[in-house]
Amino acid sequence: MNQEQFHARLAAYKLIASVKEAKYLEKAAEAQVSAAVLSIGNIGVIKGYVDFFKSRNIPVFLHLERIGGISYDREGIAFLAHYVKPDGIVTTRNTLVKLAKKQGLLTIQRLFLVDSDSLKSGLSSLQETQPDAVELMPALLPEYIAEYKRVIDIPIIAGGLIRKREQMEEVWQHGATAVSVGSPLLWKESFLHDSSVAV
């Protein structure tokens, strides 16, 4: 999957399944989602998880800091890209975004908005790394989504603390392209071609 295809899928489905337990892999694969982000597993099982989603034509990303046994260096990222073969990675680390891009992986850079300094440093990081999308956390700060939207031209994913559909709709209305949620109940919601959602 290339960047253009990823961006189109984000805009079409608007929802990312953040999978934090292996028992929810099947439910994530059954949902109408832009992608699955895996925050589970280790070097021994992760290829099987990735293959599971790819066999169902669902883009799959690995949250690197949560995958056991992977080294955060050039060799570790090369191993992921050429053996495990996810579509991309999610990470908070600038260096990993750069290494992943060199290996042809899509990248989502995760930023935590905790104060005004993190807002500024986050924008600086994005200018340096040029990821394919940014995930802003927590999602329940929609005014900051709008602020980022004014100064960056990559898709914004909102994640963290989302518990109901109304919260998802609010972040879309403030400019988020997609929402990342960990609740299997919310994966059942469908937003594909939903004219009631203003984006």
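If you check an unreviewed UniProt entry, the chain appears there as Glycerol uptake operon antiterminator regulatory protein from Brevibacillus agri.

K.L.:
Just checking my understanding: could you explain the overall build of the chain for this structure?
P.N.:
Across its full length, the chain holds nine helices and eight strands. For the chain, the C-alpha radius of gyration of 16 Å lies close to 16 Å, the compact-globule estimate for 199 residues. C-alpha atoms of the chain, sized along the principal axes, occupy 40 × 35 × 30 Å. Counting over 199 residues, the chain shows a buried share of 52%. Summarising the internal contacts of the chain: among those between residues at least 6 apart in sequence, 55% fall at separations of at least 24. Only carbon and sulfur atoms are counted for the fraction: they give 48% of the accessible area of the chain, which is about 9,400 Å². Side chains of the chain carry 23 positive and 22 negative charges; the gap between the two charge centres is 4 Å.

K.L.:
How should I be thinking about the packing of helix α6 (residues 116-129) against helix α7 (residues 142-151) in this particular structure?
P.N.:
Where α6 meets α7, the closest approach of the two axes is 12 Å, and the angle between their N-to-C directions is 35°. Classified by chirality, the crossing of α7 by α6 is right-handed. Residue-level inspection shows Ser118, Leu119, Gly122, Leu123 and Leu126 of α6 in contact with α7, the latter providing Tyr144, Glu147, Tyr148 and Val151. Of the residues that constitute the contact of α6 with α7, the class distribution is six nonpolar, two polar and one charged.

K.L.:
Honestly, the nonpolar core in this entry has me stumped. Any pointers?
P.N.:
Grouped burial of nonpolar side chains is what soluble globular proteins tend to show. Counting 52 residues, the largest nonpolar core has Leu38, Phe53, Leu62 and Tyr148 as its most contacted members. Non-local contacts of Leu62, meaning those with residues more than four positions away in its chain, are made with Leu38, Ile46, Val50, Ile67, Leu80, Val84, Pro86, Gly88, Ile89 and Val90. In terms of nonpolar packing, the next biggest core, distinct from the first, is built from twelve residues, Ala35, Val37, Leu106 and Ala133 among them.

Definitions and cut-offs
Think of each chain on its own: its residues are numbered from 1, step by step along the sequence as written. In keeping with the predicted nature of the model, local features appear solely for residues at pLDDT of at least 70, side-chain atom pairs appear and are counted solely at 80 or more, and the whole-chain, interface and lining totals rest on all residues. The side-chain numbers reported here are obtained from all heavy atoms of the structure, hydrogens and water having been left aside. By the criteria applied, helices consist of DSSP H or I runs no shorter than four residues and strands consist of E runs no shorter than two, each listed in order from the N terminus. Radius of gyration: over C-alpha atoms. The globule rule applied is 2.2 Å multiplied by the number of residues raised to the 0.38 power. The cut-offs for exposure are 20% and 50% of the maximum accessible area for each residue type, with area from a 1.4 Å probe on protein chains only; residues under the lower value are buried, those over the upper are exposed, and the others partly exposed. Contacts were defined at the residue level, with two residues in contact if any of their heavy atoms lie within 4.5 Å. Note on areas: these come from Shrake-Rupley sampling with a 1.4 Å probe, and a residue is covered only by the protein chains present in the view. The charged-residue count follows a simple rule in which Lys and Arg add positive charge and Asp and Glu add negative charge, with His and chain termini not counted at all. Here the site of a charge means NZ on Lys, CZ on Arg, CG on Asp, or CD on Glu. Here, axes are lines fitted to C-alpha atoms. For helices the fit covers the stretch in contact, and angles between N-to-C directions go from 0 to 180 degrees. The hand of a helix crossing depends on one turn: near helix anticlockwise from the far one by less than a right angle means left-handed, and clockwise means right-handed. Polar here means any residue outside two lists: the nonpolar Ala, Val, Leu, Ile, Met, Phe, Trp, Tyr, Cys and Pro, and the charged Asp, Glu, Lys and Arg; Gly therefore counts as polar. Grouping buried Ala, Val, Leu, Ile, Met, Phe, Trp, Tyr and Cys residues that are joined through side-chain atoms within 4.5 Å yields what is termed a nonpolar core.

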